[in-house]
Structure formats: C-alpha cells, structure tokens
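Summary of structural features
As a plain string of letters, each chain reads:
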Amino acid sequence: MVLTRWLMGGGLLLLGGLISGGLSSCSASSPSAAAEIDQVNVRLVHVSPNTKGVGLMAGDSTVLETHSYGQISTYVALPAGEYDLNLFSPNWALSDEFQFGRSILTDTLADLEADGVFSVVAIDEVSRLTAIVLNDDVQPLFGQALVRFVHAVPDAPALEWQVDQEVVVGELVFGEASDYQAVDPGFLTLNLRETLPASPEEAAETPTLQPMRTDSPLKSIDLELAAGKVYTIYTTGLLRGSPSLDVVVGEDLLAGRSL
C-alpha cells in the first residue's frame, strides 16, 4: 500500500465556536457588490448526532433546505464573498416541503473566496452544535485516490486512521480535518483507533515511533476507492452512546472544478 501526504487544499478554513470559544457575532448578510460576478460552490454535511434535520442559510437567504443526520447535499453555487453562514432547523415540519418557522442553531462568519469549493459541516451534539467550513478545492491525482479524514465524534479522544494496518493519519482531535492523503485505489480496510501515545522516554528517543498495537480497532470498514477521485471520510456518531460510531463518506465531486 503506497501512502503519501498531499498538502494542496483540503485545509480547515474556519472553525466557528469550537476552537475560538464562541460563535462569531459579526454580521455579513451578503457578499460585496464587487464579488457578485464571481462564484463559489458550497454543500452541507450533517454529522451532528442526535440533531434533527438542519439546513443552511447565507445571511438571510436559504441556500439548502434541511438534511437529515448522515446526509451530504449536492453542491450549490453562490456569489463569492463574506457571509454569515447559519445552520437552522425547522420548528415544525410536516415534510421537507411543508415547514413552519425555523430556529437558527449557529452563526459562523466565513470568507468564501472566488472559485472556491467548500463544505459546511454540522458537528457536535445539538446543545453545542457547531459549523466548520472545509476547503474542498484540490486537484485530483492521476492514478491515486485522495482521501481526507474529519474527526466528528464528540465524546472520543484523539483518533487515528489506518489503511490496511498502516497509519495514515494520527492524533486528530475532535473538530479537526486532516490534509488529503494519496492512497492506492481499490478495495481497502479502514481501521479507526484511539491514538496510543508512546511513553515520554520512547517519544524523546524516537519522535516518529509508532507504538505496537494490541487492542482491537474501534471500527473496521471495507471501502472501495477509485483512482482520480477525491473523498472526505467523516467519522461520526458517539463512542459511548447512540447513534454508534460510524463513518460517512463524501465524494468531493467538484474538487478542482466549477459548476
């Protein structure tokens, strides 16, 4: 299995309320007039356990209607610019088409630069719901699959991901996204584990040491990845509750391209 780090794009653009300690109080209901000729592509990813359907607003405009837990929307086009991105839920809904009233759950300020491709990700449980904005704009790699990992398990410690027993990403904490990794295409087994730190003595002697693992993985999942495609794997659910630990796989179809 050949694994290499792919550092172009895919970084965490903004983490509203999780790292900074509070949601933005700034207000930007619409992009500037100068930016209206430029476009961005945005999608919604709902991986907040025990949160009902959430939708996405940019300022006062509804961008995407409500999606259920575990769902990833298609990309939609917006004028580029600085936005208040609001996650909302309907106060009452007969169906997706018949919803009455809405509650704003988060308010996150994001600068969506022209020609960008972004995922707005709903994470954490409903009482602490937070939005993170990921930059999906990375060029596919010929002959390889590109994979990024997101830690969205609120009650889990730092996690690591192994592909066929080889550590691809280690010590990723809740709310973080990894860089894209180049992975051999085809069938593979993805093992999810708690990060097992080396002892202080071992770490000082061999900073890159990977300790021997004897514990069972928290989750093992068989996947098939295609060459020339880009994926984000969201690890979600709860380690000690319901819904249980699982992954949601999104294909970043528009990575490197525009609508």
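Remember, predicted model here, so these are calculated numbers, not experimental data. (Residues numbered from 1 in each chain as written. Predicted model: local features only at pLDDT ≥ 70, side-chain atom pairs only at ≥ 80, totals over all residues. Heavy atoms only, no water.)

1. Thoughts on the side chain of T232
To keep things clear, this is the line we draw: A run of DSSP states H or I qualifies as a helix once it reaches four residues; a run of E qualifies as a strand once it reaches two. Both are numbered from the N-terminal end. Think of it in three bands: residues with accessible area under 20% of the maximum for their type are buried, residues over 50% are exposed, and the middle band is partly exposed, with areas taken using a 1.4 Å probe on protein chains only. Two N or O atoms form a polar contact when they lie within 3.5 Å of each other; inside protein one atom must be a possible hydrogen donor and the other a possible acceptor, and for residues adjacent in sequence the pair counts only when both atoms belong to side chains. Here, two residues are considered to be in contact whenever any of their heavy atoms come within 4.5 Å of each other.
By the element assignment, T232 lies in strand β17 (residues 230–236). Under the relative-accessibility criterion, T232 is labelled buried at 0%. Only 2.9 Å separates the side chain of T232 from the side chain of R148, close enough to count as a polar contact. Beyond its immediate chain neighbours, meaning those up to four positions away, T232 contacts R148, V150, Y180, V248, V249, G250 and D252.

2. Focus: the sheet that holds strand β15 (residues 186–194)
To keep it simple, the criterion reads: Pairing between two strands is assigned when DSSP locates at least 2 bridges connecting them. Structural elements are reduced to axes, namely lines fitted to C-alpha atoms, with helices fitted over the stretch in contact, and the angle between N-to-C directions of any two is expressed from 0 to 180 degrees.
Spatial ordering of the open sheet is given by β13-β12-β15-β16, a layout of four strands whose pairing is antiparallel. Both outer strands of the open sheet, β13 (166–172) and β16 (219–225), are each paired with one neighbouring strand and no more. For this sheet, the mean inter-axis angle between neighbouring strands, taken without regard to orientation, is 20 degrees. Bridge analysis of strand β12 (residues 159–163) against β13 gives four bridges, and the strand direction is antiparallel. By the bridge assignment, W161 is partnered in β13 with V169.

3. Quick look at the confidence of the model for the chain
Heads up, the condition is: The pLDDT value expresses, per residue, how confident the predictor is, ranging between 0 and 100.
When pLDDT is averaged across the chain, the result is 80; 71% of the residues are at 70 or more. Across residues 1–36, confidence stays below pLDDT 50; counting only partners more than four residues off in sequence or on other chains, it has 96 contacts. Note that residues 206–212 has pLDDT below 50 and, in this model, five contacts with residues that lie over four places away or in other chains.

4. Things to note about the pattern of salt bridges
Test applied: The salt bridge definition used is simple: a Lys or Arg side-chain nitrogen within 4 Å of an Asp or Glu carboxyl oxygen.
Using the criterion set out here, one finds seven salt bridges in the structure. Its salt-bridge partner being R43, residue D252 comes within 2.5 Å of it at the nearest N-O pair. With D252 in the segment after β18 (246–251) and R43 in strand β3 (residues 39–46), this pair connects stretches of sequence that are 209 residues apart. You'll find D252 and R43 in the same group, each marked buried.

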